[in-house]
Amino acid sequence: MTAPLINLNNDIQMPAFGLGTYLSTEFDGYKYTKFCLENGYRHIDTAYFYENEDVVGKAINDVISTGLLKREDIFVTTKLWNIHHEPELVEKACRKSLENLKLDYIDLYLMHTPIGYKYSENEELLPKDADGNFLFSDVDYLDTWKAMEKLVGPGRPVKSIGLSNFNSEQITRILENCDIKPVVNQVECNTSINQKKLIEFCKARDIVVMAYSPMTRPHYFEKDKSLPRPAILHEKVKEIGQKYNKSPGQVVLRYLYQIGTVPIPKSSNENRIVENISIFDFELSVEEMQFMDGFNTGQRTVPFNACKTHKYYMFNIEF
Ligand SMILES: NC(=O)C1=CN([C@@H]2O[C@H](COP(=O)(O)OP(=O)(O)OC[C@H]3O[C@@H](n4cnc5c(N)ncnc54)[C@H](OP(=O)(O)O)[C@@H]3O)[C@@H](O)[C@H]2O)C=CC1
Ligand SMILES: O=C1CO[C@H](CO)[C@@H](O)[C@@H]1O
């Protein structure tokens, strides 16, 4: 199955469903990106921080070279990492991502978070002091955004730019000062934190919410039961799925699609990869949507706790 296309605020179209690749190792990153593209996926999410742009890019290029797909059939999202927020580092970082991916352009380039980390020559991705505290920078994310704007346009390396992990006040500040509007805000969005207010806020401003950790990271919950409990483990979600001949995972992903987001679940399992995208041939009822709303506690799986002291920490306000 392929996902429907949605129009971004710059009239570029983006598939309403994608593959996440965080923690996809060299082998998995290549094998499953390729498998996804061969099985209907047209949208891949990676990041400089994931250190897998090279294998993800190789999978994309290999599928293109077989003739199955053309470059323009595939929507590639990658992200500017926190150490590259200094305006003079932005284009270099973007070019490095393109070089890793071995592509001529990036479809969507996101600022990974509003928080900058200290840059060093050896490109330490998570720079810390001797006590293990993050070494932050205080670069204004607006200055970073201005540098990202310069990447877009005819002959430039990026088609669309967007945000990730931004709250409503930070988005407003960008919108009030930008020349190019963000097309997307990628945030944690799953049954435990369904982001209804942020989705409404973004929708009113023509910004699409992309849902990361849409399955509520079942592999993390397995190891630490204080984390939010994935709804796929709930008996009633299983029952709802049975009614449509769908799995609990499909019910969760369909819920996220119906509340207006673009889910990007990660999977390194062929059955689950095919299953996850097969959500565009059924619809949850109003009552079922209300039941799924009931899981929303607001608890995050990815709270960026180590960044709490930074002036741009994004999760201090309601949304
Ligand atoms: N912008 C940001 O700051 C962030 C972005 N992201 C992006 O979002 C993507 C997805 O989020 P992620 O954090 O990976 O977490 P997910 O919520 O997508 O969880 C991934 C886990 O869920 C399992 N899984 C996938 N599908 C199913 C299913 N149908 N039923 C049961 N289990 C399933 C996978 O196992 P298996 O592989 O065995 O199928 C994997 O262990 C990331 O990979 C990344 O691309 C994520 C976090 C932060
Ligand atoms: O994209 C990401 C994947 O998850 C990480 C945390 O587990 C985040 O730090 C990062 O933003």
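Parameters and conventions
Residues numbered from 1 in each chain as written. Chains lettered and ligands numbered in written order. Predicted model: local features only at pLDDT ≥ 70, side-chain atom pairs only at ≥ 80, totals over all residues. Near = placed C-beta within 6 Å. Helix = DSSP H or I, 4+ residues; strand = E, 2+ residues; numbered from the N terminus. Nonpolar A, V, L, I, M, F, W, Y, C, P; charged D, E, K, R; others polar. Buried ≥ 20, exposed ≤ 12 C-beta atoms within 10 Å, placed from the backbone. Pairing = 2+ DSSP bridges. Right-handed = clockwise from strand over helix to strand, strands pointing away. UniProt positions renumbered as here; feature names shortened; annotations may be inferred. Core = buried A, V, L, I, M, F, W, Y, C linked by C-beta atoms within 7 Å. Contact = placed C-beta atoms within 7 Å.

Peer 1: Before we go on, may I ask you to explain the site of ligand 1 in this structure?
Peer 2: The local shell around ligand 1 holds 29 residues, among which G20, Y212, M215, G249 and K266 are the closest. Of all the secondary structure elements, the ones that give two or more residues to the shell around ligand 1 are α7 (218-223) and α10 (270-277). Along the lines of polarity and charge, the residues of the shell around ligand 1 split into nine nonpolar, 15 polar and five charged.

Peer 1: What exactly am I supposed to notice about the pairing of strand β5 (residues 75-80) here?
Peer 2: Two faces, one strand: in a regular strand the side chains alternate between the faces of the sheet. With respect to burial, β5 is a largely interior element, six of its six residues being buried. Pairing of strand β4 (residues 43-45) with β5 involves three bridges; the strand directions are parallel. By the bridge assignment, D45 is partnered in β5 with T77. Once the chain exits β4 it traverses helix α2 (residues 53-66) before rejoining the sheet at β5, and the crossover so formed is right-handed. Summarising the sheet, β5 and strand β6 (residues 106-111) pair through four bridges and their orientation is parallel. Residue T77 lies in a different strand from β6, and its bridge partner there is L108. In the classification by handedness, the crossover that spans β5, the intervening helix α3 (residues 87-101) and the parallel β6 is right-handed.

Peer 1: Can you help me understand the UniProt feature "site: Lowers pKa of active site Tyr" (unreviewed entry) in the protein chain in this one?
Peer 2: As recorded in UniProt, the feature "site: Lowers pKa of active site Tyr" (unreviewed entry) lies at K79. Examined against the element boundaries, K79 turns out to sit in strand β5. Classification of K79 as buried rests on a count of 27 C-beta atoms within 10 Å.

Peer 1: It is not clear to me how the nonpolar core should be interpreted in this structure. Could you clarify?
Peer 2: What tends to happen in soluble globular proteins is that the nonpolar side chains get buried as a cluster. Counting 84 residues, the largest nonpolar core has L80, Y109, M148, V209 and V252 as its most contacted members. Excluding residues within four positions of it along the chain, L80 makes contact with Y48, V90, A93, C94, Y109, M111, H112 and M148.

Peer 1: Can you walk me through the UniProt feature "domain: NADP-dependent oxidoreductase" (unreviewed entry) in the protein chain in this structure?
Peer 2: What UniProt calls "domain: NADP-dependent oxidoreductase" (unreviewed entry) maps, in this numbering, to residues 36-295. Secondary structure content for residues 36-295 is 39% helix and 15% strand, and the end C-alpha separation is 29 Å.

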